[in-house]
There are 2 protein chains.
Amino acid sequence: MGTPKRKRHRIEFIAVGSELLSPHFLETNSLYLAEKLQELGWRLSFKTVVGDNLEELKEAVGLARQRSWLILISGGLGPTEDDRTRQAVAEVLGARLVFNQAILEKIRQRFESRGLRMTPSNRRQAYVIEGAEVLDNPHGTAPGLWLESRKEVIILLPGPPSELKPMVENLVLPRLKKYGQVRVLRASLRITGAGESFIEDRIKPVYKDLPENLQLITLASPADIQIRLEMTVGSQPEKDEKTFERIKNRIIRRLGPLVYSVEGRSLEEVVGQKLKAAGLKLACAESCSGGLLANRLTNVPGSSDYFLEGLVTYSNQSKMRELGVPEELLAAKGAVSEEVARVMAENMREKSGADLALSTTGIAGPGGGTPAKPVGLVYTALAFPGGSLVIRNLFRGNREQIKFQATQKALDMLRLKLIEMEKKTQLK
Amino acid sequence: MGTPKRKRHRIEFIAVGSELLSPHFLETNSLYLAEKLQELGWRLSFKTVVGDNLEELKEAVGLARQRSWLILISGGLGPTEDDRTRQAVAEVLGARLVFNQAILEKIRQRFESRGLRMTPSNRRQAYVIEGAEVLDNPHGTAPGLWLESRKEVIILLPGPPSELKPMVENLVLPRLKKYGQVRVLRASLRITGAGESFIEDRIKPVYKDLPENLQLITLASPADIQIRLEMTVGSQPEKDEKTFERIKNRIIRRLGPLVYSVEGRSLEEVVGQKLKAAGLKLACAESCSGGLLANRLTNVPGSSDYFLEGLVTYSNQSKMRELGVPEELLAAKGAVSEEVARVMAENMREKSGADLALSTTGIAGPGGGTPAKPVGLVYTALAFPGGSLVIRNLFRGNREQIKFQATQKALDMLRLKLIEMEKKTQLK
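What comes next is a walk through the structure. Please read all numbers here as calculations on a predicted model, not as lab measurements.

## Notes on the interface of chain B and chain A
For step 1, the next point in the chain: Every contact between the two is made by 62 residues of chain B and, on the other side, 61 residues of chain A.
For step 2, the next point in the chain: When the two sides are added together, the surface that chain B and chain A hide from each other amounts to roughly 5100 Å², 55% of it contributed by carbon and sulfur.
For step 3, the next point in the chain: Interface area lost by chain B to chain A is led by Pro23(B), His24(B) and Lys47(B), which between them contribute 12%.
For step 4, the next point in the chain: On inspection of chain B and its partner chain A, the count reaches eight salt bridges.

## Brief notes about the relation of the copies chain B and chain A
For step 1, the next point in the chain: Rotating chain B by 180° and moving it 0.3 Å along the rotation axis overlays it on chain A with an RMSD of 0.3 Å. Those values place the two copies in the arrangement expected of a two-fold rotation axis.
For step 2, the next point in the chain: An overlap of 98% is found between the interface residues of chain B and their copies at the interface of chain A, pointing to a shared contact surface.

## A look at the pattern of salt bridges
For step 1, the next point in the chain: Tallying each qualifying case throughout the model produces 67 salt bridges over all chains.
For step 2, the next point in the chain: For Arg10(A), the salt bridge is made with Glu59(B), and the minimal N-O distance between the two is 3.0 Å. With Arg10(A) in the loop between helix H1 (5-8) and strand S1 (11-16) and Glu59(B) in helix H3 (residues 54-67), the pair connects residues from two separate chains.
For step 3, the next point in the chain: A salt bridge links Lys333(B) to Glu339(B), with the shortest nitrogen-to-oxygen separation between them at 3.8 Å.
For step 4, the next point in the chain: Using a relative accessible area of 41% as the deciding quantity, one classes Lys333(B) as partly exposed.
For step 5, the next point in the chain: Assessed through its relative accessible area of 31%, Glu339(B) is described here as partly exposed.
For step 6, the next point in the chain: A network of salt bridges, in which partner residues are shared, links Glu309(A), Arg321(A), Glu322(A), Lys351(A), Glu309(B), Arg321(B), Glu322(B) and Lys351(B).

## Let's talk about the sheet that holds strand S16 (residues 377-384) of chain B
For step 1, the next point in the chain: Ordered in space as S17(A)-S16(A)-S15(A)-S13(A)-S14(A)-S14(B)-S13(B)-S15(B)-S16(B)-S17(B), the ten strands form an open sheet in which the pairing is mixed. The open sheet has two edge strands, strand S17 (387-394) of chain A together with strand S17 (387-394) of chain B, and neither has a second partner. Mean inter-strand twist for the sheet, computed between neighbouring axes without regard to direction, equals 10°.
For step 2, the next point in the chain: As paired strands, strand S13 (residues 282-286) of chain A and strand S15 (residues 356-362) of chain A are joined by five bridges and run parallel to one another. The partner of Ala285(A) across the bridge, within S15(A), is Ser359(A).
For step 3, the next point in the chain: Along the sheet, helix H13 (residues 338-352) of chain B makes contact with strand S13 (282-286), strand S14 (307-313), strand S15 (356-362), S16 and S17 of chain B, crossing S15(B) at roughly 150°.

## With respect to the packing of helix H9 (residues 267-278) of chain A against helix H14 (residues 399-427) of chain A
Residues and elements named next belong to chain A.
For step 1, the next point in the chain: Between H9 and H14, whose axes approach to 10 Å, the crossing angle comes to 30°. Classified by the angle between their axes, H9 and H14 sit roughly parallel to one another. Along this stretch, H9 crosses H14, giving a crossing that reads as left-handed. Taken together, the residues of H14 that come into contact with H9 (itself represented by Leu267, Glu268, Val270, Val271, Lys274 and Leu275) are Gln408, Leu411, Asp412, Leu414, Arg415, Leu418, Ile419 and Glu422.
For step 2, the next point in the chain: Here the residues of the contact of H9 with H14 sort into eight nonpolar, one polar and five charged.

Reading the values: the criteria
- Residues numbered from 1 in each chain as written.
- Chains lettered and ligands numbered in written order.
- Predicted model: local features only at pLDDT ≥ 70, side-chain atom pairs only at ≥ 80, totals over all residues.
- Heavy atoms only, no water.
- Contact = heavy atoms within 4.5 Å.
- Buried area = accessible area lost by both parts, 1.4 Å probe.
- Salt bridge = Lys/Arg side-chain N within 4 Å of Asp/Glu carboxyl O.
- Least-squares fit on C-alpha atoms with pLDDT ≥ 70 in both.
- Helix = DSSP H or I, 4+ residues; strand = E, 2+ residues; numbered from the N terminus.
- Buried < 20%, exposed > 50% of the residue type's maximum accessible area, 1.4 Å probe, protein only.
- Pairing = 2+ DSSP bridges.
- Axes fitted to C-alpha atoms, helices over the stretch in contact; angles between N-to-C directions.
- Parallel < 35°, antiparallel > 145°, perpendicular 65-115°, else oblique.
- Left-handed = near helix turned anticlockwise from the far one by under 90°.
- Nonpolar A, V, L, I, M, F, W, Y, C, P; charged D, E, K, R; others polar.

The following block contains the structure:
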């Protein structure tokens, strides 16, 4: 393309909408677009958010034309006076807005198919920038626009993700491919059971062998770490693929069982698949996690195949009545104790008839902590055929973070036990 | 300030960091800054994200200087080669970077206080832009910088929110106040029990009376709508306050009991406060919501005061065993039925000894739907002293959205019942 070198590789995104400058809205279209551009091996150089203000919008577009060859703009295509994107781009390009009867018809039909009448203001959406190709919007009234010249490509997209995503997937990416795409190899390792610094130390030796075109990104949150590998395939694809696999497997080997998924799956999905494959049933008895464990397990479609039931025994009374935790034990050891965690899991397993049962009991805070039993102290237990296991944890963070870490630990105990059981059956 | 009129009111934010251009990271500092600026009655005109690239960074800063009087920049102040913000701003301003021994000392002490040794690369963080005021960073090694001239104010802030927020709160806002702040009145109404278009129609008559300086923002998500009111107080504060209250109360009156909070509280908090105030105890029996109801209730600190226990009776067996749902009823009506929902709530109330009990049973999908009982069909029930109540709901959305709407409906049934009980006791 006949663009100055410094511009050639610049790609930028402009999100239009005053609400995106308020404290209440996060602009998320750019994440989706960055991901899609990555599939072509491309990266964003700039992201800009600008309000529904004609002058500022024109400034942003004019600037983008000076520095980037590909400009994606989302929002401001609606029917109201606030929606100025078409006008701003037209003025910057010195192009006219021309009325398009076909678009108006589509909009009218859209309303009628819903038994509604089109509002006069929708007429505004039927004006297109001279020379633009219209991108159909089956999910809304605002069509997209594709403006291509020797110097640049400008793409106007609707703001709502439900309209933008299909348009990008079906109409924009196919058109962009002709500008040359790059293949990208990807892997997402998910890890729990160790802190970020420990993980860093374990994989540090791998860093020095990372080739230029392989990017390693670590995302850390309490009790859950993600390592994303991305490699842009160059002139020697086979060699790159080998390298990618070698690096990936080295990291997996160095982290061992800490890695619970190599396909970016959630821990509840992984555990669910293992339970289903082994034909085992699960039940859980929660105190401090207060239902989050059952909630995570049942977020997985099809979980009713292996998840029988959960109890949230928040009060001591319910621990006694529902789970038969002896009153003496509660009095002697307290609800937050290794012994109570164990009885909860064992009795839950027995009464539910499940093969495996999990339990949690602890202090999620902010109140209720003591020097002996501080906020964050959580016992997680697993009852399995022929035994039970309890782990004492001391978690940091706020109430919801502590609840999450408790469920993460319980699910991971289950995962490791299921792996052990798989091995045993394989030996047989 | 001696800046051209078109610049005077422009405020912009630049987030620095290549990761913020990837599909995996959301830039959130701008939300916090927008909120803080709002406290001064100010608004952002532009947000820009730029990578760790010296040339692009310089472009972004140079452009910002042309159009804005206040420029907030976060990120790129770290110790590594990637961290280029100081250098970029210095080059744009034509200023030198000067070494600051005091900063180096602070960094060294910070390391030593943790029993660590400072790395040589931290030396880079001790260089400050000539003429800049240093903003202390007690939560990290990167100090902030304040650059003030007749033409503009440029503020360099650390990227991590845990470092940026206290610096803005303690050092930046106080310094900005001298540029004149505006008082802003705020209210956040939270609403459930009706769709967005219904709410719109109800409050439409209020729109035409909205004064210029009062902004109304509606945030809609399935089963939860938020209306935010923000009014910039002008030259007649008393008059503005009266107007604000009048508008707010008109909206509240027009929506009636659909409004569950006027202080932006969550539904589980509101219900929790009412239960606590009335000294009533709650239990819940969940099928399709799978623990989410208990989880939401127990996310509220102190919920153990009124929440006794929850059951997640996912399988028919557990519905029979735990809740005594008759096998014949399950066979005749099916687990997803008004009758089963009612029995679940009533028996839960009885066995737990709670004053009130909620239940949910339905089809969260994606599988398991039939023409007679489609995905999204959910019965929510409430058992109370002297009776019970069941509502048949048909929710749209994915599995997690349907689970959320089920819990939202159940909590709202409880809220309305508690209001009714409050009224009765008041009458007595």
